[in-house]
Amino acid sequence: MTKLAWAVRGVSAVSGAVLLGALMAPSAAAGGTDDRDEHERKCSVSRDFSLTTPDDIVPTIVFRVATDRQGHAFLNDTRNPGVWINLGLLDNAPKCVTDTATDVGPGHNLKIDLLDKKGVVHHTSCSINAAVPYTPANLASFCGVGFVRVDGTPV
């Protein structure tokens, strides 16, 4: 009989410990622990999108720039379908992008402007080679010094 009483007490103790752990877990989670990384906590923005086409290059190319809700900016070149290149690969890229603008300027240059959360505009100009699409491996070679801050921003 004493073995049975010991077994019942052991099961009760284990059950009580499991129940106590289950009751404590929600209060610990409610205590403000946040599994998101520091960047995501500090930079939570809406998505943005812009596009441009160089009219005089055949076949027609479309360049798209989009942001995600964590403030990262990405470039898509239709010659490389499905590939979105993180613009953070370029030197001096802003960390928390809220808006984008793209254009193709004289001399076949893709111009990308990114607005950061503090209202600062960052600009880069990337040469366009009609035969070579942008990839993560070659983007920096087309975009020279990367991004530069536009003087006088924020306005």
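In what follows, the structure referred to is the one given above.
An account of the accompanying structure is given in this report. Just so we're clear, the structure is a prediction, and the values are computed from it rather than from any experiment.

### Some words on the side chain of Asn-76
Structurally, Asn-76 is set in strand β3 (residues 73–77). Take Asn-76: its relative accessible area is 4%, and that puts it in the buried class. Reaching out from Asn-76, the side chain makes a polar contact with the backbone oxygen of Val-83 at a distance of 2.9 Å.

### Let's talk about the state of the cysteines
By the definition in use, this model includes two disulfides. Paired through a disulfide, Cys-43 and Cys-96 show a sulfur-sulfur distance of 2.0 Å. Taking the sign of the torsion about the S-S bond as the criterion, the disulfide between Cys-43 and Cys-96, at about 90°, is right-handed. Of the two residues, Cys-43 is situated in the loop between α2 (38–42) and β1 (49–52) and Cys-96 in the loop between β4 (84–86) and β5 (97–105); the sequence distance between them amounts to 53 residues. Cys-96 carries the same exposure label as Cys-43, and that label is buried. The side chain of Cys-126 participates in a disulfide bridge whose partner is Cys-143; the two sulfur atoms lie 1.9 Å from each other. Disulfide Cys-126 to Cys-143: torsion about the S-S bond roughly 105°, handedness right-handed. In this pair, Cys-126 is assigned in strand β7 (residues 121–127) and Cys-143 in the loop between α3 (139–142) and β8 (148–149), connecting sequence segments 17 residues apart.

### Observations regarding the packing of aromatic side chains
Counted according to the given criterion, the structure contains two aromatic pairs. Note on Phe-63 and Tyr-134: the rings are 5.5 Å apart at their centroids and 45° apart in plane angle, and the pair reads as tilted. In this pair, Phe-63 is assigned in strand β2 (residues 63–67) and Tyr-134 in the loop between β7 and α3, connecting sequence segments 71 residues apart. Across the pair, exposure class does not vary: Phe-63 and Tyr-134 are buried alike.

### Re the sheet that holds β4
Strand order in the open sheet formed by four strands is β1-β2-β3-β4, and the pairing between neighbours is antiparallel. Lying at the two open borders of the sheet, with one neighbouring strand each, are β1 and β4. Pairs of neighbouring strands in the sheet enclose a mean axial angle of 25°, with direction left out of account. By the bridge criterion, five bridges tie β2 to β3 in an arrangement that is antiparallel. Bridge pairing in β3 links Phe-63 to Asp-77.

### A closer look at the environment of Arg-69
By the element assignment, Arg-69 lies in the loop between β2 and β3. A residue is classified by how much of its surface remains accessible, and Arg-69, at 48% relative accessible area, is partly exposed. Distance from Arg-69 to Ser-44, taken between C-alpha atoms, is 5.6 Å for residues 25 residues apart in sequence. Discounting residues that sit within four places of it in the chain, Arg-69 has contacts with Cys-43, Ser-44, Val-45 and Arg-47.

### Describing the sheet that holds strand β6 (residues 109–116)
Reading across the sheet, the four strands line up as β5-β6-β7-β8 and stay open at both edges, with antiparallel pairing between neighbours. This sheet does not close on itself; its edge strands, each paired only once, are β5 and β8. Bridge analysis of β7 against β8 gives two bridges, and the strand direction is antiparallel. Across the sheet, the residue bridging to His-123 is Val-148, located in β8.

The rules we used
Residues numbered from 1 in each chain as written. Predicted model: local features only at pLDDT ≥ 70, side-chain atom pairs only at ≥ 80, totals over all residues. Heavy atoms only, no water. Helix = DSSP H or I, 4+ residues; strand = E, 2+ residues; numbered from the N terminus. Buried < 20%, exposed > 50% of the residue type's maximum accessible area, 1.4 Å probe, protein only. Polar contact = N/O pair within 3.5 Å; in protein donor to acceptor, adjacent residues only side chain to side chain. Disulfide = S-S within 2.5 Å. Phe/Tyr/Trp six-rings, centres within 6.5 Å; stacked < 30°, edge-to-face > 60°. Pairing = 2+ DSSP bridges. Axes fitted to C-alpha atoms, helices over the stretch in contact; angles between N-to-C directions. Contact = heavy atoms within 4.5 Å.

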